[in-house]
Structures are given as C-alpha cells and as structure tokens.
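# A look at the structure
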Amino acid sequence: MKIQTSNEVKIGDIFYLTENIGDAPISVYVIRGKNGDMLVDTGFSTTYKSIIKWIDVNKFNITDIFITHAHPDHDWNVAKLQSKFKARVWVGSKDVSLIRNFSSQKQFPTSKSYNFRVKWITFWTKTPLFKSKAYTPDIVVTREGSDLPQKYGYDFAVVFLPGHTLGSMGIQTDDVLYCGDAFAVLNGQPMVPPHAHNIELLNESIEKIKVINPRFLACGHGVPYVFNDAKEKESV
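Residues numbered from 1 in each chain as written. Predicted model: local features only at pLDDT ≥ 70, side-chain atom pairs only at ≥ 80, totals over all residues. Heavy atoms only, no water.

### Some points on the overall build of the protein chain
Definition in use: Each helix is a run of DSSP H or I of at least 4 residues and each strand a run of E of at least 2, with the numbering of both proceeding from the N terminus. Exposure is judged per residue with a 1.4 Å probe applied to protein chains only, and the accessible area is read against the type maximum: over 50% gives exposed, under 20% gives buried, and values in between give partly exposed. Between two residues, a contact is recorded if the distance between any of their heavy atoms is within 4.5 Å. Charged residues are defined here as Lys and Arg on the positive side and Asp and Glu on the negative side; His and the ends of the chain fall outside this count. For charged residues, the charge sits on one atom: NZ in Lys, CZ in Arg, CG in Asp, CD in Glu.
The helix and strand tally for the protein chain stands at 6 helices and 16 strands. Overall, the C-alpha framework of the protein chain stretches about 45 × 40 × 35 Å when taken along its three principal axes. Taken across its 236 residues, the protein chain has 53% of its residues classed as buried. Across the protein chain, contacts joining residues at least 24 apart in sequence account for 67% of those joining residues at least 6 apart. Across the protein chain, 27 positive and 24 negative side-chain charges occur, with their mean positions spaced 7 Å apart.

Below, the structure is given as structure tokens:
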C-alpha cells in the first residue's frame, strides 16, 4: 500500500499519515500536547506497521488515542496501540456500544450509487474478519468543548459531528477540523461520506462544519484539504 505522510508532503502544520487503499484512503493524525501527543484514529489492519514507523521517526510521545467513531477502519489497531503506549483511549459516549458491533448502527447509502458498497460493507463487518480486537475506552466523551482536552494538556475543543455514527466526534484547533467521516476525500475529491447511520444528523453536522469554517479539513479518508475547496459540496 502506498503511504503518504506529512514528512514527505507538508499540508499546513498537520501531522498526518494516509494509506491509499482503493478509492478510500485511510488517514490518521497526531496532535501535539503539553504532556504528550494524541493519535487521532488508528487505521485498519494494513496500517499498523506504518503507524509505528511514523511515530518512531517523528519521536511522537503517544499518551492518548482519540477515536472519531468506532468503525473498524478507525479503531482496528486500538487494542495493540493502547497496550504498546499505555495510552488513554477516547470514545464518544454514543459509540461505546458500537465497538466491534458495526451492525448496531445500521448504515444507509447517501446516494443510490453507493447501494452495493453499503451492502458489501454490512456483510463483511458481520464476520470475524472485520471486527477490531476488543478494547475498553479510558475516557468516554459526553460533552463538547475544551474543558476535557485542557485537563490532559491539549489546546483544542471536542466537536460532536453525529450522523455517520451517533457518537461521531471531531477535534477543532485554530485552523484545522479533524472530522472523522463527517466528510471525506475520495479519489482526490472532497465529498459527503458514502454512507451514514442517520442522514438527517449527517446533514446537520455538514452544516455545522460550514459554520466552523476551518482553514483545513482533516478527514478520516483522504489527505487534509483546504476547506474552501470542499465547503460548496451539497448535503445529502
């Protein structure tokens, strides 16, 4: 798999690693803190070794792991990374029951063109092959804002972005919104995600992103993007 990181291609001041898998590249991020560094999402089965190498090369001190939502392409490596780094794992309260239980929040296509994609994903996530290893969150996030991050030495705010899943959440810094799958960059183009649990909530989250109006949008799929290139995309 081809890997692109912030070491090779700089995008703002964002630390990112993107693994190109088909039309849906998987991205993880690191946010620096006063007492350690936070890994945002953990990629899929093929991403682990690249993440470890990237962390080592950059000498990141991972003390926290923030899961934007509990789908296996985002939390697959949580258990191993949590053990390796003795890191605290953050998960939104409404996604705790989603861990290893993809079908508990049924996904619906955001366009008819994604009907087969959703059927395929739904089928495979019911099998053991597509279940992340069990893990227990250390921090269950129940409210937005900067109070909780500041407690652990981070200068950002948690932003709830439900729709793709009920507990989807992101991170807002001065000029970046790390938004998980509330938005996506597929085939190099910014777009709404192919599927969501609640499309009405997803549309509300997309409007919320437009109001926040970050300089960069750092999605769970695709490299970070200048938000002006994405903000005119229609809701579902």
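### Thoughts on the environment of Asp 37
Its place among the elements puts Asp 37 in strand 4 (residues 37-40). On the accessibility criterion, Asp 37 (4% relative accessible area) is buried. For the pair Asp 37 and Tyr 154, spaced 117 residues apart in sequence, the C-alpha separation works out to 8.5 Å. With residues up to four places along the chain from it excluded, the contact list for Asp 37 reads Val 30, Ile 31, Arg 32, Phe 60, Asn 61, Ile 62, Thr 63, Asp 64 and Tyr 154.

### Thoughts on the sheet that holds strand 15 (residues 216-219)
Applied cut-off: At least two bridges found by DSSP between two strands are what make those strands a pair.
Here 5 strands make up an open sheet; going across it, the order is 9-10-11-15-16 and the pairing mixed. Sheet topology places strand 9 (157-160) and strand 16 (225-226) at the edges, where each strand pairs with a single neighbour. Pairing of strand 15 with strand 16, which is carried by 2 bridges, proceeds in the antiparallel orientation. Of the residues in strand 16, the one forming a bridge with Leu 217 is Tyr 225.

Distances and angles like these do not, on their own, reveal function.
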